[in-house]
Amino acid sequence: MPSLDDLKKRIKSVKSTQKITKAMKMVAAAKLKKAQENAEKGRPYSEKLQNIILNLTKSISDDTNAPKLLSGNGKDKVYLCVVITADRGLCGGFNSSICKLAKSHFKNILENGKELKIITVGSKGHDQIKTEYSKYIIDKKSFKEKKQISFKEANEIGKKIIELYENDQFDKCLIFYNNFKNVITQIPKAEQIIPTFIKKEEKFKDNLFSYEFEPDEDEILEDLLPKNVSVQILKAFLENAASEQGSRMTAMDNATRNAGDLVDKLTINYNRSRQASITKELIEIISGAESL
Amino acid sequence: MSEEFKIEIISPDKSVYSGQTNNAVLPCFEGQVTILKDHIPLITFLRPGLIEIGNNEKYYVEDGTVEFSENNLLILSSTVQSLQNIKTENINNMLKNAEKDLSDNQLTDKQKYILDYKIEVLKQINQ
């Protein structure tokens, strides 16, 4: 049985932990609002860009002449996986759920006899993946100092990926990130960005307008597709940022509640042992008086 | 009947401009294009230049994509800046960088073409 002093100390320490988690929750909530706004603001751009590309691809009837970024280079051997995670921990299952999904894909890729290359973005993901797959990691990026990830950073990564692609370093590129659904649910997602993935059913949807292209379809596509890669990465970043804060908020909310429960339990314990010691002292006094 | 159509300028971070206008002048890759209502559907991309919406709104862009369909003009650009907010020193910096880039001999014709326009437009803004 711990002494009264020990209990008192524990209650105090749990209470101060609770204060920290509560503060973190508040901070995450404030950041979440901003991140969510950013994610929503970023959506129209990527959606519209996809739409334009979709319209363009419809007008290209001959698939064999299409740019490599769109139709692929015909090979299916080397996979490049870009795993986007956070730079900070204490956000529940956020980082591990991305890594778990990524690892299951890695396993699949390797089991099918394909070659694997990994780029990690964010230090937490790198830490988790390097234990098993360190020899496949070709690059790691981290934007710890940056408060707000903008198009510039996404473009940097996008350009690097395209450069690798043009040098024939890989055939297919997947990105892993958490899609922000709402504060409680974030869904880890794997998305193919090279070759540009176009849903079959959308491709054959009736198109009412025939566009005028200036200069011509191929040239526009060549200009757009690299941009699309960067934009997809930016979208992943923004979704990830919102998910991270959401996930942290829920995790910290749980932690605060757990700490509260623990404080209650310890307080009851403390009161009980206080009473027990009083009763004990009383008994001692009474029995002492009786024996006189 | 109104002669206006809908125009939207979107950058990756946010929606920059959204509204109705009678006409818009775009610095398209192959020359300036003025869009009026009921223009035929068009997809093209931009070179450095100024987007003019109506008579008062002006935006500087370096690149971007334009789609016009069903009286919706959509401009996607990662480099769009409102001319009102742009600072003189920024323009000077950009101008310097562009001139430095142009002195590089290994540029392709297309890159040179774009840089030429960029310098011309920046000088024009500066006046």
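Residues numbered from 1 in each chain as written. Chains lettered and ligands numbered in written order. Predicted model: local features only at pLDDT ≥ 70, side-chain atom pairs only at ≥ 80, totals over all residues.

Engineer: Would you mind going over the overall build of chain B with me for this structure?
Structural biologist: Along the backbone of chain B there are two helices and 10 strands. Here the C-alpha radius of gyration of chain B, 15 Å, is about what a compact globule of 127 residues would show, namely 14 Å. Structurally, chain B occupies a C-alpha span of about 50 × 30 × 25 Å along its principal axes. For chain B, with 127 residues in total, the buried portion stands at 35%. Long-range pairs, those at least 24 residues apart, make up 48% of the contacts in chain B between residues at least 6 apart in sequence. (Helix = DSSP H or I, 4+ residues; strand = E, 2+ residues; numbered from the N terminus. Rg over C-alpha atoms; globule rule 2.2 N^0.38 Å. Buried ≥ 20, exposed ≤ 12 C-beta atoms within 10 Å, placed from the backbone. Contact = placed C-beta atoms within 7 Å.)

Engineer: What's the story with the overall build of chain A in this structure? I'm lost.
Structural biologist: Scanning chain A for helices and strands turns up seven helices and six strands. For 292 residues, the compact-globule estimate of 2.2 N^0.38 gives 19 Å, and the C-alpha radius of gyration of chain A, at 28 Å, exceeds that figure by more than 25%. Seen through its C-alpha atoms, chain A measures out along the principal axes to roughly 110 × 40 × 35 Å. Contacts in chain A between residues far apart in sequence, at least 24 positions, make up 79% of those at least 6 positions apart.

Engineer: Explain helix α4 (residues 123-133) of chain A here, please?
Structural biologist: Turning to α4(A), its buried residues are Lys124(A), Gly125(A), His126(A), Gln128(A), Ile129(A) and Tyr133(A). Packing partners of the buried residues in α4(A) comprise β1 (78-84), α3 (94-111), β2 (115-121) and β3 (137-141) of chain A.

Engineer: Just to check I follow, could you spell out the domain arrangement of chain A for this structure?
Structural biologist: For interface size, the figure often reported is the accessible area lost on association. Residue and element names in this part refer to chain A. When its domains are assigned, chain A resolves into domain 1 (4-21 + 252-291) and domain 2 (31-251). A straight line from the C-alpha centre of domain 1 to that of domain 2 covers 53 Å. Split into classes, the residues belonging to the side of domain 1 that touches domain 2 amount to two nonpolar, one polar and one charged. (Domains from an automatic or database assignment. Nonpolar A, V, L, I, M, F, W, Y, C, P; charged D, E, K, R; others polar.)

Engineer: In this structure, what is going on with the interface of chain B and chain A? I would like to understand it.
Structural biologist: The partner chain A presents 23 residues to the 21 residues of chain B that form the contact. Elements supplying a minimum of two residues to the side of chain B that touches chain A: β5 (42-46), β8 (64-69) and β9 (72-76) of chain B. Sort the elements by how many residues they give to the side of chain B that touches chain A and β5(B) lands first, with four residues. Class assignment of the residues belonging to the side of chain B that touches chain A gives a composition of 11 nonpolar, six polar and four charged. Sheet topology places strand β6 (residues 212-214) of chain A next to β5(B); three bridges connect them, and they run parallel. Note on β5(B): the bridge partner recorded for Phe213(A) is Ile43(B). (Pairing = 2+ DSSP bridges.)

Engineer: I keep staring at the sheet that holds β3(A) and nothing clicks. Help me out?
Structural biologist: Residue and element names in this part refer to chain A. Spatially, five strands are ordered β3-β2-β1-β4-β5 in an open sheet, and the strand pairing comes out mixed. With partners counted over all chains shown, the strands left at the sheet margins are β3 and β5 (186-194), one partner each. Here the strands of the sheet are splayed against their neighbours by 20° on average, with no regard to which way each runs. As paired strands, β1 and strand β4 (residues 172-180) are joined by five bridges and run parallel to one another. Bridging from a neighbouring strand, Val-83 pairs with Phe-176 of β4. (Axes fitted to C-alpha atoms, helices over the stretch in contact; angles between N-to-C directions.)

Engineer: For this particular structure, what's the right way to read unusual backbone geometry?
Structural biologist: Peptide bonds are, in most cases, trans, and in most cases residues other than glycine have a negative phi. Backbone torsion omega between Ile194(A) and Pro195(A) reads -10°, so that peptide bond is classified as cis. Among the secondary structure elements, Pro195(A) is positioned in the loop between β5 and α6 (200-203). Of note, the phi angle at Asp168(A) is positive, near 65°, even though the residue is not glycine. Counting through the fold element by element, Asp168(A) comes out in the loop between α5 (151-166) and β4. For Asp168(A), a count of 11 C-beta atoms within 10 Å gives the class exposed. Even without being glycine, Asn71(B) reaches a positive phi, approximately 60°. By secondary structure assignment, the location of Asn71(B) is in the loop between β8 and β9. Judged by local crowding, Asn71(B) falls into the partly exposed class, with 14 C-beta atoms found within 10 Å.

Engineer: Looking at this structure, how should I read the packing of helix α1 (residues 88-102) of chain B against helix α2 (residues 109-126) of chain B?
Structural biologist: To characterise two packed helices, one gives the angle between the axes of the helices and the distance between these axes. Residues and elements named next belong to chain B. Contact geometry for α1 and α2: axes closest at 9 Å, N-to-C directions at 155°. Considering the angle they form, α1 stands roughly antiparallel to α2. As for the relative orientation of α1 and α2, their crossing is left-handed in sense. Here Ile-91, Met-94, Leu-95, Ala-98, Glu-99, Asp-101 and Leu-102 of α1 lie close against α2, whose contacting residues are Lys-112, Leu-115, Lys-118, Ile-119, Leu-122, Lys-123, Ile-125 and Asn-126. Looking at the contact of α1 with α2 residue by residue, the classes come out as nine nonpolar, one polar and five charged. (Parallel < 35°, antiparallel > 145°, perpendicular 65-115°, else oblique. Left-handed = near helix turned anticlockwise from the far one by under 90°.)

Engineer: For this particular structure, what's the right way to read the nonpolar core?
Structural biologist: One broad rule of soluble globular proteins: the nonpolar side chains tend to lie buried together. With 82 residues, the main nonpolar core has Cys81(A), Val82(A), Val83(A), Ile84(A) and Phe176(A) as its most contacted residues. For this core, the element with the highest residue contribution is helix α7 (residues 217-291) of chain A, accounting for 16 residues. Non-local contacts of Cys81(A), meaning those with residues more than four positions away in its chain, are made with Ala102(A), His105(A), Phe106(A), Leu116(A), Ile118(A), Leu174(A) and Phe176(A). Formed by six residues, the second largest nonpolar core is a distinct cluster that contains Met94(B), Ala98(B), Ile114(B) and Leu122(B). (Core = buried A, V, L, I, M, F, W, Y, C linked by C-beta atoms within 7 Å.)

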